[in-house]
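# A structural walkthrough
What follows is the residue order along each chain.
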2 protein chains.
Amino acid sequence: MQKKTGKPFPQDAREQLTMARDAVFRSWNNDRAIHYRKMNQIPDSLGTAVNVQTMVFGNLGETSATGVGFTRNPSTGEKAFYGEFLVNAQGEDVVAGIRTPLDISELEKVMPPVYKQLREITTNLEKHYRDVQDFEFTVQDGKLYMLQTRNGKRTGPAAVRIAVDMVNEGLISKEEAVLRVDPQQLDQLLHPVLDPAAKKTLALLAKGLPASPGAAVGRVVFTADEAVVQAAKQPVILVRAETVPDDIHGMEVAKGILTSRGGMTSHAAVVARGMGIPCVAGAGDLEVNERKKELTVNSKGKKLLLKEGDWLSLDGSTGEVFAGQARTIDADPSSGVLKTFMEWADTFRGSFGVRANADIPRDAKVARRFGAEGIGLCRTEHMFFAEDRIAHMQAMILAHDEKTRRKALQKLLPMQRADFAGLFKEMDGFPVVIRTLDPPLHEFLPKRENLMVDLARLPHADAKAKKEMSQNYGIPVGQLKKELAVLLARVEELHEFNPMLGLRGCRLGIMYPEITEMQARAIFEAVVQVAKKGVKVIPEVMIPLIGGVQELENQKKIVVQVAKEVLEKAGMSNLKYLVGTMIEIPRAALTADKVATEAEFFSFGTNDLTQTTMGLSRDDYTKFQKDYENAKIFKNDPFAVLDQEGVGKLVEMAVKLGRSTRKDLEVGICGEHGGEPSSVQFCYRVGMNYVSCSPYRVPIARLAAAQAAISGDKTETMRTA
Amino acid sequence: MQKKTGKPFPQDAREQLTMARDAVFRSWNNDRAIHYRKMNQIPDSLGTAVNVQTMVFGNLGETSATGVGFTRNPSTGEKAFYGEFLVNAQGEDVVAGIRTPLDISELEKVMPPVYKQLREITTNLEKHYRDVQDFEFTVQDGKLYMLQTRNGKRTGPAAVRIAVDMVNEGLISKEEAVLRVDPQQLDQLLHPVLDPAAKKTLALLAKGLPASPGAAVGRVVFTADEAVVQAAKQPVILVRAETVPDDIHGMEVAKGILTSRGGMTSHAAVVARGMGIPCVAGAGDLEVNERKKELTVNSKGKKLLLKEGDWLSLDGSTGEVFAGQARTIDADPSSGVLKTFMEWADTFRGSFGVRANADIPRDAKVARRFGAEGIGLCRTEHMFFAEDRIAHMQAMILAHDEKTRRKALQKLLPMQRADFAGLFKEMDGFPVVIRTLDPPLHEFLPKRENLMVDLARLPHADAKAKKEMSQNYGIPVGQLKKELAVLLARVEELHEFNPMLGLRGCRLGIMYPEITEMQARAIFEAVVQVAKKGVKVIPEVMIPLIGGVQELENQKKIVVQVAKEVLEKAGMSNLKYLVGTMIEIPRAALTADKVATEAEFFSFGTNDLTQTTMGLSRDDYTKFQKDYENAKIFKNDPFAVLDQEGVGKLVEMAVKLGRSTRKDLEVGICGEHGGEPSSVQFCYRVGMNYVSCSPYRVPIARLAAAQAAISGDKTETMRTA
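Notes on the structure follow.

Quick notes on the rules
Residues numbered from 1 in each chain as written. Chains lettered and ligands numbered in written order. Predicted model: local features only at pLDDT ≥ 70, side-chain atom pairs only at ≥ 80, totals over all residues. Heavy atoms only, no water. Helix = DSSP H or I, 4+ residues; strand = E, 2+ residues; numbered from the N terminus. Rg over C-alpha atoms; globule rule 2.2 N^0.38 Å. Buried < 20%, exposed > 50% of the residue type's maximum accessible area, 1.4 Å probe, protein only. Areas by Shrake-Rupley, 256 points an atom, 1.4 Å probe, with all protein chains shown as cover. Lys, Arg positive; Asp, Glu negative; His and termini not counted. Charge placed at Lys NZ, Arg CZ, Asp CG, Glu CD. Least-squares fit on C-alpha atoms with pLDDT ≥ 70 in both. Pairing = 2+ DSSP bridges. Salt bridge = Lys/Arg side-chain N within 4 Å of Asp/Glu carboxyl O. 1 Å grid on protein atoms, 1.4 Å probe; cavity = no way out; pocket = protein on both sides within 12 Å on 5 of 7 lines; lining within 4 Å. Points joined across faces, edges and corners; volume = space filled by probe spheres on them. Nonpolar A, V, L, I, M, F, W, Y, C, P; charged D, E, K, R; others polar. Contact = heavy atoms within 4.5 Å. Buried area = accessible area lost by both parts, 1.4 Å probe. Core = buried A, V, L, I, M, F, W, Y, C linked by side-chain atoms within 4.5 Å.

### With respect to the overall build of chain A
- From N to C terminus, chain A includes 31 helices and 26 strands.
- The C-alpha radius of gyration computed for chain A amounts to 30 Å, which stays within 12% of the reference 27 Å derived for 721 residues, consistent with globular compactness.
- The C-alpha extent of chain A, read off along each of the three principal axes, is 95 × 70 × 55 Å.
- Each of the 721 residues in chain A was classed as buried or not, and the buried ones make up 54%.
- As presented, chain A carries roughly 31800 Å² of accessible surface, and 51% of it is formed by carbon and sulfur atoms.
- Here chain A contributes 95 positively and 92 negatively charged side chains, and the mean placements of these two sets differ by 2 Å.

Given below as structure tokens:
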């Protein structure tokens, strides 16, 4: 004290109290607290409180003790009294992880009356608060003092299980149960687990406490700072003797956390559960040397050494730690307690749909398993990047006239058709929204600066360098000079100052109508092919990046013409399909009444709409994101959480305008915000028909929508489509 | 006929009539007509009409004739009977320019009664239509037939003169006079003329007809296609024996047009006047060989040869043609008939202001001469590109810490201060809006790809190449390797995928507050310096590229802090100044009510607002502009004419939202649309306080605003600022 503050420790109790109180208030603004709030989106303006209590002592001897506990298991949700205590100790000793505490069940043997009283009190507390309680107690000379109780933090799996159990116990209603689980937490139930088969092939290094469930596979790092550096490139497992609050930035980016010391309520365990990151804690067989960056295992008499960068696999649900890179298998949301929970959520969700963004049949399959009711976005260009296709795509782009272009497109047609057929099959009975070609063409060609540099190097390149170039570009060595120049010339032609705002989306289809034509043909030929097999196909063709109705009109004409031709030929003229558009440019939103005269559906591309509405490139934002966060310019990252005030205003306006000219306009969202809970609730509120998100986020969106519905937003009448 | 259509010429008169009628209707869709409409913004849906008249013949002998004329001179506006005729000829012969026609005054000698009757009729027509008449007539065997009359097309100078004369003659009111002149046409009165002194030093090649006024200086081209190619790089003069409708695309891009044949109503003359391009027609001393690409002059016995690429200077007001590159001098709008006309316009304009975009004192001076009532946009970065400053700017950018950055900024401070002082002096009593630094920093550094290529070339470069690089970068040869790598590293750091949407505008000032601080200091130190000399200084500091109120708040705080400090020190705390913002990002417009709680003025940056609202990069749009024009996606080029439906909707919304929280909010526009008549009228209509445009367009904006005011838009009450 003297050393840190320059003043002696005060001897007056009142002064001590005042200083202690102020220290707590000041802690609101320390770096760790600020970081925590930022991570959990807690407003800085909320403030904190100080509770003043009489001091009791758990360290007065063998009749004194201290402990912490939960009325149910916060990791699994199991209805079991759960906690830890130490005899002759103070609270700090339990959470610090220095002495390994005893399981709370031992208390019954050590201090039976105290244990009985504790059970009674905590059971009452749970009934009173109608939620799991996280409590702290101290026993001073045989007398039990409750220090604190609060609703207990829990993992996603625990949250779901507790909610379902409490409904079954008659403690809460189904509505309450659905509202009890933070949709983000579901993520923990949807993540992969270690493949049991793979486990058998790997060396089991140790078994610690199952502190936070889920599988984690990554490379070993020993410091939080190193975790941040490496995590940008590869998955990492943060390995520490024990974690401290200053490690929080490293814990946040790690795939998993492993500690050799501490219990289920140690810092590592509590924080990892809060973040939904798998964690094995207190694996005592391990010796962590953070200075040397070594992890030593003293198992079964053998000594094993892992260094920074070695692969490690954790199972946070069992506490197992394996050397090596285990395979993982996907979670199955269609069974068990989660299934029950999601069924309740879906009842409340009503007609509000949840679709998935999926480009290939495999993703579509996952999406269905996670409850997706259709595909809200299939990005056709993702198919073009495949190795067997990129050459045809490049030939198409390098073509100097329509005839050559059509020839290359003709080669892509059967491939696209097969892709679409696969999607339609998976989505039997559900709609599939297919977007026509969107990205700038230069994305399919080598990078301009690489070509320039290679052309500059070529005259002085040795045989090895030339061979490398030849392989890179797929051009014979002898033709490098000529062909690289040709390639560069075209790349220069296509070079753009602001590709985001350049030749892409429907602009491509307007410049080269034959691309749209080929894609429409692939779609409808696939429709015919799959429908003939008895599958119910509901195709929705989506035109990207329009700024007004004229562009949609232009592209729709092509699609309708091809559809008519293909369907008539197959005798399927009655097959229903929709042609609609992305709303991802402010002007399209502003003129949505006109756009809807042609569009049969809108799908908000909120990634691009955020970029254009905020004048903010997602890729370039990273450069000043830190400064913007420090200056508190945005409440959240606008690319993660929809900016309801600005972008949302445009979205709401567009929904209203669109429905003003087409009452049954189908409206959805396919930007990444479609899987973010607060954004999903916004979409529900403004009267959209569905959200679409990545397959793994489908249950999150389903829950968020159900919560919006329960919270009293009655916009159901608007969704008449 | 047989050859072209495969059918013989029909002998039935009715059939001939039907076919002729249809041919006229069909002409609506020929390429020339389409091009003409596009150029003049005439909707394709308008359609055309066919007039059927009894045929009369001007070619029945010496008592027959045909001619065309205007009731006033369509080139100068002079009140003088004006026209041409040919005896024993048909109408085509006059306009085709094959026979050189006689001046209409000659008709009085050849056919006195016909001349008298023609004067009576045309005078009556002018009185009836209250406008200049452009008429055609034929004399058949001594009898006068009027074929056609219409309001005459005229040059800008003629339009102004005729409007003023007609008011003085009591024919029309001042309001009508102001409405009679197309604001775009004023451009012709504001363009430079050939410097009389320069004329004396150049060889006068020939004198043709003064077919369209104004000075033109450029390099000779002989075909319309070549004109298009060359005009992208340099000013060109299109030289033809005579022009034909197929030349229209070349005429459009030429600075001036010169023909050796044809009269004042020849194709070249009529079209050039319509376009406001200087033209000398029928310069018979010249011989144009379009195949050989040579212009031969047979003047004063000497023979002179000009080839493609040689410089040529024209005076379209006198008909003079000079070899070489003449100096030009600026037009003076503050004298003569234009002065009277603009004074009338300004009366009707009321309190709606017109400011100019000007970065340096010289431009500010021009702006004042053209009637600008302040500076609406001073781009401070333009000052940084000057040769003596760019080094300090680069040092600032390359700085790795705040201290080094501040040192470099300190060197820029006195330069900025001097620039601002100059502007304030010129604008004595008028507001000066100064925008803080806007462009991405990499614009001040060498290009990334050049650095990459030069670094790749360096190891194999010979002494000459190295010297060249050394000069290019200002780096000694010995340090090239190291310094280029350093430079490239920083350029890479600053490299952006979409610079338009990246680190620029207020984002720079938020990342590097010391830049805003320096600029604020330069502004207010200049204010103090100039105000002390008795000049009335009205500074308005403008923060660019905000997306919401938070960014403005952040930057405003810095500006206000510096202003307070500087003004207090000078004992000028009472000096009034404003801090406001550009509205150039959709989100700023959408949240304008909040923005206005901090902003004391809005200035719409419609260049960027158009780019973001339409998701359209101005630079990249050129790549598909042709396809968009052909597909009729936009009515006009949205970067020339404000897109009122989309961008305009946002502008209108922002004005209303802004005034809802700050009643006296000053609102203007500083995008290039601020000088485009239909956009100016829009700005007037939505209740802006002023427009700001390039100095030369100030009179155009003044007139457009006056016309909006006369046309009954009474939004005056909204402009309370």
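Here the narrative resumes, following the displayed structure.
### Structural notes on the relation of the copies chain B and chain A
- Expressed as a screw operation, the relation of chain B to chain A combines 0.0 Å of axial shift with a rotation of 179°, fitting to an RMSD of 0.1 Å. Considering both components of the superposition, the chain copies are consistent with a two-fold axis. Relative to the rotation axis, the closest C-alpha in chain B is found at N498 of chain B, a distance of 2.2 Å.

### Details of the sheet that holds strand β1 (residues 65–70) of chain B
Residues and elements named next belong to chain B.
- Taken in spatial order, the five strands line up as β3-β2-β1-β4-β5 in an open sheet, and their pairing is antiparallel. The sheet is open, and its two borders are formed by β3 (102–103) and β5 (143–151), each paired with just one other strand.
- Here six bridges tie β1 to strand β4 (residues 133–140), and the two strands are oriented antiparallel to one another. Looking at the pairing, G69 lines up with F135 of β4.

### Details of the pairing of strand β24 (residues 601–604) of chain A
All names here are of chain A.
- Neither face of β24 is open: one carries F601 and S603, the other F602 and F604, and all of them are buried.
- In this sheet, β24 lies alongside strand β23 (residues 578–583) in parallel orientation, the contact comprising three bridges. When the bridges of β24 are listed, I583 appears paired with F604.
- The pairing of β24 with strand β25 (residues 666–669) spans four bridges and is classified as parallel. Note on β25: the bridge partner recorded for F601 is E666.

### Points about the pairing of strand β4 (residues 133–140) of chain A
- With respect to burial, β4 of chain A is a largely interior element, six of its eight residues being buried.
- In this structure, the hairpin formed by β4 of chain A and strand β5 (residues 143–151) of chain A is closed by a connection of two residues, where D141 of chain A is found at a positive phi of approximately 50°.

### Thoughts on the pattern of salt bridges
- For the coordinates displayed, the defined rule picks out 99 salt bridges over all chains.
- A salt bridge links E176 of chain B to R130 of chain B; its shortest N-O distance comes to 2.7 Å. Residue E176 of chain B is located in helix α8 (residues 174–180), and its partner R130 of chain B is located in the loop between α6 (112–129) and β4; the two are separated by 46 residues in the primary sequence.
- The class of E176 of chain B is partly exposed, set by a relative accessible area of 24%.
- A relative accessible area of 30% means that R130 of chain B is categorised as partly exposed.
- Through salt bridges with shared partners, a single network forms among E381, R435, D438, R504 and D608 of chain A.

### Some points on empty space enclosed by the protein
Residues and elements named next belong to chain A.
- If you walk through the whole model with that rule in mind, you get six cavities of 30 Å³ or more.
- Roughly 60 Å³ of internal volume is contained in the largest cavity.
- Those elements that place two or more of their residues in the lining of the largest cavity are α22 (506–511) and α23 (513–531).
- Each residue belonging to the lining of the largest cavity can be placed in one class, and the counts come to four nonpolar, six polar and no charged.

### Considerations on the environment of V655 of chain A
Residues and elements named next belong to chain A.
- Tracing the sequence through the fold places V655 in helix α29 (residues 647–661).
- The exposure class assigned to V655 is buried, which follows from its relative accessible area of 0%.
- Each C-alpha atom of the pair V655 and G547 lies 16 Å from the other, and the pair is 108 residues apart in sequence.
- Beyond its immediate chain neighbours, meaning those up to four positions away, V655 contacts F604, V667 and V686.

### A word on the environment of V228 of chain B
Residue and element names in this part refer to chain B.
- Mapped onto the secondary structure, V228 falls in helix α11 (residues 224–231).
- Sequence-wise, V228 and E565 are 337 residues apart; in three dimensions their C-alpha atoms are separated by 56 Å.
- Excluding anything up to four places from it in sequence, V228 contacts H249, G250 and V253.

### Section: the interface of chain B and chain A
- Chain B puts 54 residues into the contact, and the matching count from chain A is 54 residues.
- Carbon and sulfur atoms make up 59% of the area that chain B and chain A hide from each other, which totals about 5000 Å².
- Of the charged contacts, one joins E645 of chain A and R587 of chain B as a salt bridge, the two residues approaching to 3.7 Å between their closest N and O atoms.
- Residue assignment for the side of chain B that touches chain A shows that the elements contributing at least two residues are α19 (448–457), α21 (480–494), α22 (506–511), α24 (549–569), α25 (586–590), α27 (606–614), α28 (618–630) and α29 (647–661) of chain B.

### Examining the nonpolar core
- One finds F604 of chain A together with F604 of chain B to be the most contacted residues of the largest nonpolar core, which totals 330 residues.
- The residues touching F604 of chain A, leaving out its near neighbours within four places in the chain, are I583, L609, V651, A654, V655, V667, G668, I669, C670, G671 and M688 of chain A.
- Of all hydrophobic cores here, the second largest spans 20 residues; its members include A241, V280, L312 and L314 of chain B.

### Overview of α19 of chain B
- Most of α19 of chain B sits inside the fold, with seven of its ten residues counted as buried.
- Along α19 of chain B, the residues classified as buried are R448, E449, L451, M452, V453, D454 and A456 of chain B.

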